[in-house]
Amino acid sequence: MLDSLASGASDALSPGAIAAVFGGIVLGYLVGVLPGLSRPAALAVAVPVTYSMSPIAAIAFLVGVTKASAAGGATGAILLNTPGEPSSAATCFDGYPLSQKGEGTRALKVALYASVFGDLISTLVLILLAAPLASVALMMGPVEMTSVMIFALTFIAALSGTSMLRGLIAGILGILLSTIGLDPESATPRMTFGYVELLDGVPIVAATVGMLAFTEMLVQAERYAASARAGEPQNGAIEETEKRLFWADIKRIMPTAVRSTGVGIAAGILPGLGPTIGAFLSYAIAKKTARPGDQFGEGDLKGVAATEAADNAVLPASLIPLFAIGLPGSVSAAILVSAFMLHGVVPGPLVFQEHPRLIYGIYVSMIVASLCMLLVGRVGLTLFARISQVPTAVIIPFVFLFCIIGSYVERDTVFSVVLMIGLGGLGYVMQRYGYSVVTFLIGFVVGPLFELSLRQARIVTSNDLTKVAEHPIAVGFLLAGLASIYLFLRRTEAPR
Amino acid sequence: MPNSKDARSSRRSALMRAAIELSVVGGACLVFLRWIAPNYIAAGTNLGLPPAMLPTSCAVAIGLLAMVQFGCAVFMRDGRSGRDEVAQGNAAIVAGLIAAAIGASVLIDYAGLVVAGGAMTGLASILLGQRRVVVVAVMALAGAGVMLLVAWSGL
C-alpha cells in the first residue's frame, strides 16, 4: 500500500498534474460564480477536454472543476443573492443579509474556509473509510430513502418562519411544482400543458434564481424607489463595516462546520441525495440546533458555514460508493465515471487491486485541489468583495440581467427565462404574504427524489405499511421525524 | 372606548384578509383538483401509483392547511396564526420590472442576446428613476456588452 501511495503521490505532485488541478480550480470557480452554469454541465463539457491528458491529470482536472464550482457558487449567493449553483441557494439565507449588513468579505471568508474544511475532511474520510462506509450505503434501500426524505421534509417546519401553516403550504407547493414533467413510473406527462420544455420538469436554476434573486431584486427595487421618494441619498453602495474574521468567530462557527461536514458526507454517501439537499438539510439542522444569540436568516456566519461545509463535503463522499461498489453518489460522481472509463478505469471494488497507483494519485490530487481552492479563493475574494461597493442603481439592473442569462443558459431556451420570471413573481407575492420561499425551494428540491423513493418503497413493501417495521434504519429516521415535529410544536406552544 | 373600537376594526380587517387568503389559496386548489389534474395529468398505465396521486395529495393538503389557517385566524385572538401584516409595496415598479424582464426575454428570440441585454439594463435603469440619457445609454451598452461576452463564449 505504501509503495502505491508513494508512486501515486509522485504522479499527483508532478508539474503536469498540479497544473491540471490548478486549471480545473480556476475554471470551476468561474463556473461556480456565474449563475446558471451548473456543476454537472461544466463537468460534462470538461470531460472531452481531458482526452489528451494522462489519467491522473484528467481526473485531477475534473476533480478541480467540481470542487471549485461548489466553492465559487457561494460568491453570487452572498453578494447578490444570486446562487451560482443550486446547491448554494441555501447560502443566500444568511450570506446575503451579512453582505447587506456590510460584512460581505467576512461571509465570503467563512464560505471559503468552510468549503475547504468540509472538502478536506470529506476527502480524508474517503481515503480512510471508503470500503466500510460503502457497505453502509448498500443498506439504504427505497424504504430507508423514503424515511430519510420524510425526515428531511419535517425540517420544513424548522424553516417556516413565523407561521408553521404557511410554511407547510409553501413546502407542499414546492413538491407540487416538482411533479411537473414526466411521471417517474409510467413516463406519462403531468401538467406540461403541451409544452415540450416542461417534459423535463421545471428547471431547478429557473426556480432557485427566480425565487431568490429575481424576487429579492423586486424587493430591492421597491426599497430603492421608496428611498428616492423620501429624498434619501441614492448611492446605495454598502460600506463594509468589518472585513476581518476573528479567532472568536472561527471558534463560534467551528462546531457548525464540523456537524455540517458530517451532514454533507452522509448526503454524499447516500446515492441520490446530492449537494443541494445536503446543503439545505445542513442549514435546517444548524437552524434547529441554534443557540441563544444565533441569528439564522438575519445574517449569521454559522448559516454560511453550515451550507458551504456540507455542499463541499458531498463530492469527496460521493466517491466512496463509487470507488467501493461502483455506484456514484451524485450526478457529478456519475459524470466522473465516464472520465474514468475514458481512461480505461472501471470504478468498483476491483479498482483498488487493478489501479492502486491511480487511486492513491487521485487521493493526493484531491488534497492538492483543496489547497489550490484555498489559494484561488483567497485571491479572488478581494476582487469579488468589491461587488458590494457598486451602487444599488447599477446592481439591480445587472442582477436582473444575470437572472435572465442564468436561466437561459441552463436549457438554452427563452421558456426557462419566462418560467424564472413567473416564479420570481410568485416568490414576490409569497414573500409579501408571509409564505416562506425557502420552504418552497426545499419542497421543490426534495420532491422528485421523495416521489421516486415513495413509489419504490411501495413496491418493496407490497403496499403493506407494517413491513416498514422490518427496516430498522427507516424506523429510526421516521421516529426522528416525529420527534422533530413534536419539538417544533412544543416550541410553537411555548410563550415567546 | 376608542381602543376597543380600533381593536374591533383591526380584527375585522384581519378576518377579511384571512377570508381573502382562504379564497385565493383554496380557490387555486379547487381549480387544480377540478380542472388542471383531470385535464393535464394523463391516466398512465395500471402499474404502480397513478401519476396524479402525489400532485392531487399535495393540492388537497394545501387546501386543508389553508382552511386550518383560516380557522386559526377566526378562533385565535393572540396572533398565533402568524404574521398577517402585509408590507406596503410599489406595484408600479414591480409590474414595470417584470414587464421589462418579459420584454427582454422575448427579444432574445427576435433580436438576439445582445439587444435583449441592452434593453433589460436600460429599461431597468429608467424604471429605477434614472433620467439622464447618458447614464441610461451606458447601462444599456454595458448590459449589451455582458451579453456579447456570453454569446461570444458560446455558453
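Basis of the calculations
- Going along each chain's sequence as written, the residues are numbered from 1 onward.
- Lettering for chains starts from A, numbering for ligands starts from 1, and both go in the order in which the items are written.
- Local features are withheld for residues below a pLDDT of 70 in this predicted model, meaning they are given only at 70 or higher, and side-chain atom pairs are given and counted only at 80 or more; totals for whole chains, interfaces and linings count all residues.
- Note: side-chain values were computed over all heavy atoms of the structure, leaving out hydrogens and water.
- In this description a helix means any DSSP run of H or I spanning at least four residues, a strand means any run of E spanning at least two, and both kinds are numbered starting from the N terminus.
- Using a 1.4 Å probe on the protein chains alone, a residue whose accessible area is under 20% of its type maximum counts as buried, one over 50% counts as exposed, and one in between counts as partly exposed.
- Whether two residues are in contact is decided by their heavy atoms, any of which lying within 4.5 Å being enough.
- As used here, buried area is the combined drop in accessible area, with a 1.4 Å probe, of two parts when they are placed together.
- A pair is scored as a salt bridge if a Lys or Arg side-chain nitrogen falls within 4 Å of a carboxyl oxygen belonging to Asp or Glu.
- Between rings of Phe, Tyr and Trp, where Trp is taken as its six-membered ring, a pair exists when centres lie within 6.5 Å; planes separated by under 30 degrees are stacked, by over 60 edge-to-face, and by other angles tilted.
- Definition used: whenever NZ (Lys) or CZ (Arg) falls within 6 Å of the ring centre and also within 35 degrees of the ring normal, the charge is taken to sit over that ring.
- Here a polar contact is taken to be a pair of N or O atoms separated by no more than 3.5 Å, where protein atoms must pair a possible hydrogen donor with a possible acceptor and residues adjacent in sequence count only if both atoms sit in side chains.
- Helix axes are fitted only over the stretch in contact, all axes being lines through C-alpha atoms; the angle between N-to-C directions runs from 0 to 180 degrees.
- Here is the rule for angles: anything less than 35 degrees is roughly parallel, anything more than 145 is roughly antiparallel, 65 through 115 is roughly perpendicular, and the remaining ranges are oblique.
- When the near helix sits turned anticlockwise from the far one by under a right angle, the crossing is termed left-handed; a clockwise turn instead gives a right-handed crossing.
- Each residue receives one of three labels: charged for Asp, Glu, Lys and Arg, nonpolar for Ala, Val, Leu, Ile, Met, Phe, Trp, Tyr, Cys and Pro, and polar for the others, Gly being one of them.
- Definition of nonpolar core: a set of buried residues of the types Ala, Val, Leu, Ile, Met, Phe, Trp, Tyr and Cys, connected through side-chain atoms within 4.5 Å.
- Disulfide: a pair of cysteine sulfur atoms within 2.5 Å of each other.

> Would you mind going over the overall build of chain A with me for this structure?
If you tally the helices and strands in chain A, you get 19 helices and two strands. Across the 496 residues that make up chain A, the buried fraction comes to 61%. In chain A, the share of contacts with a sequence separation of at least 24, taken over all contacts with a separation of at least 6, comes to 79%.

> I tried to follow the interface of chain A and chain B on my own but got confused; where do I start?
When the parts of a complex come together, some accessible area is lost, and that lost area is often used as the size of the interface. Listed as interface residues are 59 residues of chain A and, on the opposing side, 60 residues of chain B. Counting each side, the surface lost to burial between chain A and chain B is near 4900 Å², with a carbon and sulfur contribution of 76%. Per-residue buried area on chain A facing chain B is highest for Leu165, Arg166 and Arg432 of chain A; these three make up 11% of the total on that side. Among the salt bridges present, the one from arginine 166 of chain A reaches glutamate 21 of chain B, with a minimum N-O distance of 2.9 Å.

> I keep staring at the side chain of lysine 302 of chain A and nothing clicks. Help me out?
Among the secondary structure elements, lysine 302 of chain A is positioned in helix α12 (residues 301-325). Discounting residues that sit within four places of it in the chain, lysine 302 of chain A has contacts with Arg252, Ile253, Thr256, Arg291, Asp294 and Phe296 of chain A.

> Is there a simple way to explain the packing of aromatic side chains in this structure?
Ring pairs (aromatic) are described by centroid distance and by the angle formed between their planes. The tally for this structure, following the rule as stated, stands at nine aromatic pairs over all chains. Taking the centre distance of 5.0 Å and the plane angle of 75° together, the rings of phenylalanine 214 of chain A and phenylalanine 400 of chain A count as edge-to-face. Of this pair, phenylalanine 214 of chain A sits in helix α9 (residues 204-229) while phenylalanine 400 of chain A sits in helix α16 (residues 392-411), and the two are 186 residues apart along the sequence. A residue is classified by how much of its surface remains accessible, and phenylalanine 214 of chain A, at 0% relative accessible area, is buried. Accessibility expressed as a relative area gives 1% for phenylalanine 400 of chain A, which makes it buried. Between tryptophan 35 of chain B and tyrosine 40 of chain B, the ring centres sit 5.6 Å apart and the planes meet at 80°, which makes this aromatic pair edge-to-face. Members of the aromatic cluster, connected to one another through ring pairs, are Phe93, Phe280, Tyr283 and Phe296 of chain A. In this arrangement the basic side chain of arginine 166 of chain A is found over the ring face of tyrosine 435 of chain A, its NZ or CZ atom lying 5.8 Å from the centre.

> When you look at the environment of serine 57 of chain B in this model, what are you seeing that I'm missing?
All names here are of chain B. Mapped onto the fold, serine 57 is located in helix α2 (residues 53-75). Taking C-alpha positions, serine 57 is 9.7 Å from leucine 33, a pair spaced 24 residues apart along the chain. Of note is the side chain of serine 57, whose polar atom sits 2.6 Å from the backbone oxygen of methionine 53.

> I keep staring at the packing of α16 of chain A against helix α3 (residues 91-111) of chain B and nothing clicks. Help me out?
Helix packing geometry: the angle between the two helix axes and the distance between the axes. It is at 11 Å that the axes of α16 of chain A and α3 of chain B come closest, and there the two elements cross at 45°. Judged on the interaxial angle alone, α3 of chain B and α16 of chain A are oblique. In this structure, α16 of chain A crosses over α3 of chain B, and the sense of that crossing is right-handed. Counting all contacts with α16 of chain A, which are made through Phe400, Ile404 and Tyr408 of chain A, the residues of α3 of chain B involved are Leu97, Ala101, Ala104 and Ile108 of chain B. Tallied by class, residues from the contact of α16 of chain A with α3 of chain B come to seven nonpolar, no polar and no charged.

> Sorry, what's going on with the nonpolar core here?
When a protein is soluble and globular, its nonpolar side chains tend to lie buried together. Ranked by size, the top nonpolar core spans 113 residues in total, and within it Met420 of chain A together with Met120 of chain B carry the most contacts. Once you skip the residues sitting within four places of it in the chain, methionine 420 of chain A turns out to touch Ala206, Val209, Gly210, Phe214, Cys403, Ile404 and Ser407 of chain A. In this structure, Ala170, Leu441 and Phe444 of chain A together with Leu65 of chain B belong to the second largest nonpolar core, which totals 60 residues.

> I would appreciate a short explanation of the environment of leucine 123 of chain B in the present structure.
One can find leucine 123 of chain B in helix α4 (residues 113-127). Note on leucine 123 of chain B: relative accessible area 40%, which makes it partly exposed.

> Even after reading the chapter, I still don't get the state of the cysteines, so can you show me in this structure?
What we call a disulfide is simply a covalent bond connecting the sulfur atoms of a pair of cysteines. Tallied over the full model, the rule gives zero disulfides over all chains. There is no disulfide at cysteine 92 of chain A, and the cysteine sulfur nearest it, in cysteine 403 of chain A, is 11 Å away. Classification of cysteine 92 of chain A by relative accessible area gives buried; the value is 3%. Counting only cysteine sulfurs, cysteine 29 of chain B is the nearest neighbor of cysteine 58 of chain B, a cysteine outside any disulfide, at a range of 10 Å.

> What's the story with unusual backbone geometry in this structure? I'm lost.
Most peptide bonds take the trans configuration, and most residues that are not glycine carry a negative phi. Residue and element names in this part refer to chain A. Phi is positive for alanine 187, which is not a glycine, with a value near 60°. Relative to the helices and strands, alanine 187 resides in the loop between β1 (181-182) and β2 (189-190). On the accessibility criterion, alanine 187 (46% relative accessible area) is partly exposed. You will see that phenylalanine 193, though not glycine, has its phi angle at about 50°, which is positive. Secondary-structure assignment places phenylalanine 193 in the loop between β2 and α9. Residue classification places phenylalanine 193 among the partly exposed residues on the basis of a relative accessible area of 36%.

> What's the story with the pattern of salt bridges in this structure? I'm lost.
Oppositely charged side chains can form a pair if their charged atoms are brought close together. Residues and elements named next belong to chain A. The final tally for this structure, using the stated rule, is 13 salt bridges over all chains. One salt bridge connects lysine 67 with aspartate 119, and the closest N-O pair in it is separated by 2.8 Å. One end of the pair, lysine 67, is in helix α4 (residues 55-80); the other, aspartate 119, is in helix α6 (residues 104-138), and 52 residues separate them in sequence. The residues lysine 67 and aspartate 119 share a single accessibility class, namely buried. Taking the shortest distance from any N to any O, the salt bridge between aspartate 249 and arginine 106 comes out at 2.7 Å. Residue aspartate 249 is located in helix α10 (residues 247-269), and its partner arginine 106 is located in helix α6; the two are separated by 143 residues in the primary sequence. Grouping residues by exposure puts aspartate 249 and arginine 106 together as buried. When salt bridges that share partners are traced, they join Asp183, Glu185, Arg190, Glu451 and Arg455 into one network.

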